[in-house]
Amino acid sequence: MLIRRKEAKDYGTKRLVEGSFREGDICLIIEDTVTTGTSILETAEVLYSGGLKVTDAIVLMDREQGGVENLASQGIKLHPIISMFKLLNVLLAANRIDAQTAQSVRKFILDNNTFSSKGENGNGVPAVKKPCLDQKELSYGDRAKLPDVHPVASKLLNIMEEKKSNLCVSADVTSSEELLQLADSLGPKICMLKTHVDILEDYTVAFVQKLQALAEKHNFIIFEDRKFADIGNTVKHQYEGGLYQISSWSHIVNAHAVPGPGVVKGLSAVGKPLGRGCLLIAQMSSQGSLATGEYTKAVLKMAEEHTDFVIGFICGSKISKRPEFIHMTPGVKIQAGGDVLGQQYTTPEDVLYNKGSDVIIVGRGILEAPDRLKAAESYRMSGWEAYTKRLSKVAQ
């Protein structure tokens, strides 16, 4: 254990950093609370000057006022034990505060966020407005390290690399208990869990807390498939308020581009200070979808103009050559085909190998299987094999 002094003493070792260490050692910083992250950055500077490396910091309470983003922009990942938004959820569930108080505190936090990207994308690097043409296929892990990648996209890509999974399970169930059971049993197999919180018949704040705990336990991203599609001011309120308060627990949401850039600006006003990300719906897997052609091109342009919040697309195939963008494809089944309501299914190999997508979204192929865990593993393996096959093809 090391101790950083505020100033060097004029006696004893006369050092700012006390303790036993060697040059090149990695030091984990431990702090009580974080607002802007300045204290941690100051400590890191002292440690750097002593030849130490700092990549991570642990804090008891994250006040969610820009500290996570500030530290991430300097290459330090913050690991909070609890955050203000989570604490508010706990207090609400225990009836220690009312909804009006919780919303007032959330508004204060959002209005007093200290992090400003200043034209950057959250990694301390100016955002690139035009597509960069990648000369070769990069692995998920390599893409996670790109200087212009959004922090949420980087986290997802790292999870995919570590777990060898590009599988997102669509948990379209109406029971909170069943959804939590799915998250716990399939969690080790997936990189992401997609929810439709508004179809739950027994939603509670306690459910959200348990889902967040399972996401931490099994290391997956939560994606609320809300499909926002209104003017900026309306989606802002839908995202941060109402019954579900989606911005407080979902890492990623998605939106239609039909309303124009205002929908992204409205969502970004809430989600960006919290370190959230957004997927734009560029194509859909339903028969007769109008999300094609010029519409898809317009979605791509909108994404390129908002890389500080938009991390990728819901699409049927790869639409951008920028490796920073993530392509996610729904309507995936081992057996191709369709249903009576117009849903069209494609196989994992077709989606990942032939069409160049990054993540397969699977719902009924797993939910309707007699053994859901076995089915999830089958899709995980199929998806990963198609991805590695694609990498091998490009390498050749």
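Structure: above.
Residues numbered from 1 in each chain as written. Predicted model: local features only at pLDDT ≥ 70, side-chain atom pairs only at ≥ 80, totals over all residues. Heavy atoms only, no water.

1. A few points about the overall build of the chain
A count of helical and extended segments in the chain gives 14 helices and 15 strands. The buried share among the 396 residues of the chain stands at 49%. For the chain, restricting intrachain contacts to residue pairs at least 6 apart in sequence, the fraction spanning at least 24 positions comes to 68%. When the accessible area of the chain is evaluated, it comes to approximately 18700 Å², of which 53% is carbon and sulfur surface. (Helix = DSSP H or I, 4+ residues; strand = E, 2+ residues; numbered from the N terminus. Buried < 20%, exposed > 50% of the residue type's maximum accessible area, 1.4 Å probe, protein only. Contact = heavy atoms within 4.5 Å. Areas by Shrake-Rupley, 256 points an atom, 1.4 Å probe, with all protein chains shown as cover.)

2. Some details on the pairing of strand S12 (residues 326-329)
Here S12 shows no split at all, with Ile-326 and Met-328 on one side and His-327 and Thr-329 on the other all buried. Pairing of strand S11 (residues 310-314) with S12, which is carried by 3 bridges, proceeds in the parallel orientation. Each residue of the ladder has a partner; that of Phe-313, found in S12, is His-327. Two elements, S12 and strand S15 (residues 359-362), share 2 bridges in a ladder whose sense is parallel. Bridging from a neighbouring strand, Met-328 pairs with Val-359 of S15. (Pairing = 2+ DSSP bridges.)

3. Let's talk about the nonpolar core
By size, the foremost hydrophobic cluster in this structure holds 91 residues, and its most contacted members are Leu-280, Phe-313 and Met-328. In this structure, Phe-313 is in contact with Leu-279, Leu-280, Ala-282, Val-299, Leu-300, Ala-303, Ile-319, Ser-320, Phe-325, Ile-326, His-327 and Met-328, ignoring residues within four places of it in sequence. Ranked by size, the runner-up nonpolar core spans 15 residues in total, among them Val-34, Leu-52, Ala-57 and Leu-71. (Core = buried A, V, L, I, M, F, W, Y, C linked by side-chain atoms within 4.5 Å.)

4. With respect to the side chain of His-327
By the element assignment, His-327 lies in strand S12. Reaching out from His-327, the side chain makes a polar contact with the backbone nitrogen of Ser-320 at a distance of 3.2 Å. Aside from chain neighbours lying at most four places away, what touches His-327 is Phe-313, Cys-315, Ser-317, Lys-318, Ile-319, Ser-320, Ser-357, Asp-358 and Val-359. (Polar contact = N/O pair within 3.5 Å; in protein donor to acceptor, adjacent residues only side chain to side chain.)

5. What to know about the environment of Lys-86
Mapping Lys-86 onto the fold places it in helix H3 (residues 84-93). For Lys-86, a relative accessible area of 29% translates into the label partly exposed. Note: C-alpha distance between Lys-86 and Asp-62 (24 residues apart in sequence) is 9.8 Å. Setting aside its immediate chain neighbours within four residues, Lys-86 contacts Gln-212 and Glu-216.

6. Let's talk about the sheet that holds S11
With parallel pairing, the 8 strands of this closed barrel are ordered in space as S6-S7-S8-S9-S10-S11-S12-S15. Averaged over all pairs of adjacent strands, the angle between their axes in this sheet comes to 30°, without regard to strand direction. Bridge count between strand S8 (residues 221-228) and strand S9 (residues 252-255): 3 bridges; the pairing is parallel. Bridge pairing links Glu-224 to Val-253 in S9. (Axes fitted to C-alpha atoms, helices over the stretch in contact; angles between N-to-C directions.)

7. Examining the sheet that holds strand S3 (residues 29-34)
With respect to topology, 3 strands assemble into an open sheet ordered S3-S4-S5, the strand pairing being parallel. The open sheet is flanked by S3 and strand S5 (77-83), the only strands paired with a single partner. The sheet shows a mean angle of 25° between the axes of neighbouring strands, taken without regard to direction. Each of strand S4 (56-62) and S5 touches H3; the most contacted strand, S5, lies at about 15° to it.

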